[in-house]
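One letter stands for each residue in the lines below.
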Amino acid sequence: MVFAKCAVHGCGNKRSHRFANPSIHPECFRAWVAALSSLFLPVPTVDGRENVSDPEHCTTVAKSNAPTPEQNGVNRSTCNKSNMSKPGEALVWESFCKAATIIHGMVSDCSIILLEVLVPGPRACFTKEFHRTVVYFKIKDDMKLTPNDKYQLITRNLQEVLGEDKIKSILKERDIRIYWGTATTGKPHVAYFVPMSKIADFLRAGAEVTVLFADLHAYLDNMKAPWDLLELRVQYYEHSIKSMLESIGVPIDKLKFVKGTNYQLSKEYTLDVYRLSSVITEHDAKKAGAEVVKQVEHPLLSGLLYPGLQALDEEYLKVDAQFGGIDQRKIFTFAEKYLPQLGYQKRAHLMNPMVPGLTGAKMSSSEEESKIDLLDSPSAVKKKLKKAFCEPGNIENNENGGDIIFEDYELLEKAFASEEVHPGDLKAAVEIYINKLLDPIRKKFEEPLMKELIQKAYPIAVKEGKINHTKPTTTDDIVPSRLDIRIGKIVEVSRHPDADALYVEKIDLGEEKPRTIVSGLVNFVPIQEMEDRMVVVLCNLKPAKMRGIESQGMVLCASLDDPKQIEPLIPPESAKPGDRVIIENYETGTPDDILNPKKKVWEKLQMDLKTNNNLIAQWQGNNLLTKDNGFITSRTLAEAPIK
């Protein structure tokens with residue numbers, strides 16, 4: 001963005017040239033618009049724009065012939081009727097010169113600047129009457145960027161770039177080709193605005209940008225998207241991504257949208273998958289997907305294929321660079337290593353920082369409290385932000401309230417780190433601007449066809465932040481309500497006579513007599529800590545003999561492999577033996593009498609059981625709860641699978 005310095009005063013009030021809510025000195029404003037006029041052209045007229053002269057509400061657009069406010073994401077109700085100037089003119093009326101305040105500024109696309117300003121009406125000196133109007137400027141076509149300018153735009157605000165020299169070399173000869181891919185799994189959230197804003201930078205730099213809806217990847221990643229829902233998920237993602245881009249003014253007509261299965265099922269691509277699998281080691285495949293593919297103790301082969309397919313996408317999309325989050329780094333270096341072994345060139349890679357979740361960890365689609373969904377209501381946004389982690393240090397002496405204006409993000413970050421800004425004030429401001437971004441997206445998805453698409457793409461309907469499971473389950477539905485999890489109390493424990501690593505426990509589960517359960521906890525929990533211990537037990541596994549002793553259930557534990565750590569889950573203090581443990585939002589289902597081992601119901605559900613960063617046990621982000629809403633927790637193991 002170019003901001004002109006004042007040609008009149010040298011501008012002691014620097015804020016008057018930034019989007020920061022300052023009052024603009026009349027002569028500064030006149031010089032500022034004149035300076036902008038030398039850099040920008042008027043936007044072409046759109047048929048149907050009102051041309052009204054109303055003496056009671058007479059304000060002016062400095063650069064007229066603009067598209068309607070609605071076409072640039074501005075609500076017409078916030079803009080008063082305007083006198084229209086002739087094409088090419090840059091008029092600064094007396095009402096502007098008396099006083100003006102910029103109340104909103106944005107790049108409405110990669111070539112249009114939009115300012116929303118307050119200007120006085122003709123009776124302002126008597127009635128303090130001010131009106132809102134909009135100023136549009138379009139960047140002149142002859143404002144060519146140098147290769148270095150383009151490189152700076154492409155790489156700014158990124159956390160890491162691999163292949164800098166390659167990018168610079170390409171830019172000296174032609175515009176670069178970049179792709180960004182997203183697996184069509186859970187619903188996109190506000191963290192997606194980070195790559196969206198970078199896509200705007202890429203387009204501004206003249207890059208050819210492809211957006212890949214990686215539907216096959218969504219299926220390969222532990223079937224996060226069922227096969228029969230792939231097409232519907234792609235449709236939902238396409239509408240969501242396009243709405244996000246339009247919300248921040250990125251022109252989608254300059255983007256290429258591709259669905260993965262349109263080429264990933266071709267004969268040539270499939271052959272390359274086989275070729276690649278012949279040179280990749282299991283170790284490298286697993287390592288490459290460690291930050292992206294769901295990690296389980298016994299990974300499916302599909303998850304090991306995931307990084308290879310993502311590498312091949314670079315070749316089949318014919319790009320020079322791939323863009324993604326820093327969590328993709330291992331896949332990117334994997335691609336740099338293995339694509340040349342198939343005779344394909346090594347690409348450059350661009351990585352943006354990851355957005356922390358509201359609870360402090362990575363924002364995740366599978367953890368409801370960590371994210372703000374694109375369709376969250378304003379009240380839901382407020383509620384989530386209110387509970388969000390927001391404490392850089394000791395803030396007990398800070399007070400919230402009052403107004404303060406920052407000219408750029410760095411100053412705000414510095415003030416917050418030094419505790420000059422209270423978290424309450426920061427959250428209130430963030431809430432306003434998140435809702436500004438989400439409003440046009442919410443409006444888009446209020447259309448009947450969009451509502452129907454949501455229902456079909458995500459059959460478990462979401463309403464007011466809650467999941468509504470009114471549809472009766474069948475015996476084939478893999479839902480956590482099929483698990484019979486109960487609170488138990490160990491009333492007797494001894495070492496297994498034939499296995500040094502096993503305990504044999506008698507556990508009171510509120511039944512007629514205690515159950516015998518065998519657990520491999522000898523090396524992790526001293527026997528004295530097992531005595532009279534309250535535990536969480538999975539009760540409907542098929543009984544199985546362990547070294548000659550039949551085990552009638554399993555004590556659930558949080559477990560990490562490197563280094564090996566195991567902790568039995570901890571019930572809330574109010575829990576009693578026999579209390580049922582339910583999964584939040586799945587309260588209405590009935591547990592199976594016995595989980596069918598042939599259908600691997602437990603194994604499929606177990607993959608999504610883990611503790612979150614607050615040590616709370618969850619399934620796909622839904623808390624495990626007792627009847628009085630007490631949490632099931634781990635003592636020290638966060639982000640740990642539950643087994």
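Before reading on, note that the structure itself is shown above.
Computed from a predicted model, the values in this text were never measured in an experiment.

Chemist: Would you take a moment to explain the overall build of the chain for this structure?
Modeler: Tallying secondary structure elements over the chain gives 18 helices and 27 strands in all. When the accessible area of the chain is evaluated, it comes to approximately 32100 Å², of which 51% is carbon and sulfur surface.

Chemist: How should the sheet that holds strand E10 (residues 255-259) be read in this particular structure?
Modeler: One key point about sheets: their strands pair by backbone hydrogen bonds, in either a parallel or an antiparallel sense. What the six strands build is an open sheet, ordered E7-E12-E11-E8-E9-E10; its pairing is mixed. Since the sheet does not close on itself, it has two edges, and those belong to strand E7 (160-162) and E10, each with one partner. Put simply, the sheet's adjacent strands are angled 20° from each other on average, direction ignored. Here strand E8 (residues 177-183) pairs with strand E9 (residues 208-214) via seven bridges, running parallel. Residue pairing in the sheet places Trp180 in a bridge with Val211 of E9.

Chemist: Looking at this structure, I do not really get the packing of aromatic side chains. What am I missing?
Modeler: Scanning the entire structure with this criterion turns up 12 aromatic pairs. Ring geometry for Trp180 against Tyr192: centres 6.4 Å apart, planes inclined by 90°, an arrangement best described as edge-to-face. Of this pair, Trp180 sits in strand E8 while Tyr192 sits in the loop between E8 and helix H6 (193-204), placing them 12 residues apart in sequence. Note on accessibility: Trp180 and Tyr192 belong to one class, buried. Arranged with centres 5.1 Å apart and planes meeting at 90°, the rings of Phe202 and Phe323 form a pair that is edge-to-face. Here Phe323 lies in strand E11 (residues 321-325) and Phe202 lies in helix H6, a separation of 121 residues in the sequence. Ring pairing ties together the aromatic residues Trp180, Tyr192 and Tyr237, which thus form one cluster. If you follow Lys168 out to its NZ or CZ, it ends over the ring of Tyr151, 4.8 Å from the centre. Above the ring of Phe257, the side-chain terminus of Lys242 is found at 4.8 Å from the ring centroid.

Chemist: Would you mind going over the nonpolar core with me for this structure?
Modeler: Taken as a class, soluble globular proteins show a tendency for nonpolar side chains to be buried jointly. One finds Ile176, Ile178, Ile199, Phe202, Leu350 and Leu438 to be the most contacted residues of the largest nonpolar core, which totals 54 residues. Setting aside anything within four residues of it in sequence, one finds Ile199 in contact with Trp180, Val209, Val211, Leu245, Val250 and Leu255. With 29 residues, the next largest nonpolar core counts Leu216, Tyr269, Val273 and Tyr338 among its residues.

Chemist: Looking at this model, I keep getting lost on the pattern of salt bridges. Mind explaining?
Modeler: Note on pairing: side chains with opposite charge can pair once their charged atoms come close. In the structure shown here, the tally under the stated rule is 26 salt bridges. Ionic pairing is found between Asp320 and Arg177, a salt bridge with its closest N-O pair at 3.9 Å. In this pair, Asp320 is assigned in the loop between helix H11 (301-316) and E11 and Arg177 in strand E8, connecting sequence segments 143 residues apart. Residue Asp284 is joined to Lys337 by a salt bridge in which the shortest nitrogen-to-oxygen separation is 2.9 Å. Residue Asp284 is located in helix H10 (residues 282-288), and its partner Lys337 is located in helix H12 (residues 329-338); the two are separated by 53 residues in the primary sequence.

Chemist: I keep staring at the pairing of strand E18 (residues 534-538) and nothing clicks. Help me out?
Modeler: Regular strands have side chains that alternate between both faces of the sheet. E18 sits mainly inside the fold: four of its five residues count as buried. Note that strand E15 (residues 485-495) and E18 share five bridges and pair antiparallel. By the bridge assignment for E18, Arg486 is matched with Val537. Pairing geometry for E18 and strand E21 (residues 554-555), over two bridges, is antiparallel. From the neighbouring strand, Leu538 faces E21, where its bridge partner is Met554.

Chemist: In this structure, what is going on with the packing of helix H9 (residues 267-277) against H11? I would like to understand it.
Modeler: Two quantities define a packed helix pair, namely the angle between the axes and the distance from one axis to the other. Put simply, H9 and H11 touch, their axes get as near as 10 Å, and they point 130° apart. As the angle between them shows, H9 and H11 are arranged oblique. At the point where H9 passes H11, the crossing takes the right-handed sense. Contacts between H9 and H11 involve Glu268, Tyr269, Asp272, Val273 and Leu276 from the former and Gly308, Leu309, Leu312, Asp313 and Tyr316 from the latter.

Thresholds applied
Residues numbered from 1 in each chain as written. Predicted model: local features only at pLDDT ≥ 70, side-chain atom pairs only at ≥ 80, totals over all residues. Heavy atoms only, no water. Helix = DSSP H or I, 4+ residues; strand = E, 2+ residues; numbered from the N terminus. Areas by Shrake-Rupley, 256 points an atom, 1.4 Å probe, with all protein chains shown as cover. Pairing = 2+ DSSP bridges. Axes fitted to C-alpha atoms, helices over the stretch in contact; angles between N-to-C directions. Phe/Tyr/Trp six-rings, centres within 6.5 Å; stacked < 30°, edge-to-face > 60°. Buried < 20%, exposed > 50% of the residue type's maximum accessible area, 1.4 Å probe, protein only. Lys NZ or Arg CZ within 6 Å of the ring centre and 35° of its normal. Core = buried A, V, L, I, M, F, W, Y, C linked by side-chain atoms within 4.5 Å. Contact = heavy atoms within 4.5 Å. Salt bridge = Lys/Arg side-chain N within 4 Å of Asp/Glu carboxyl O. Parallel < 35°, antiparallel > 145°, perpendicular 65-115°, else oblique. Left-handed = near helix turned anticlockwise from the far one by under 90°.

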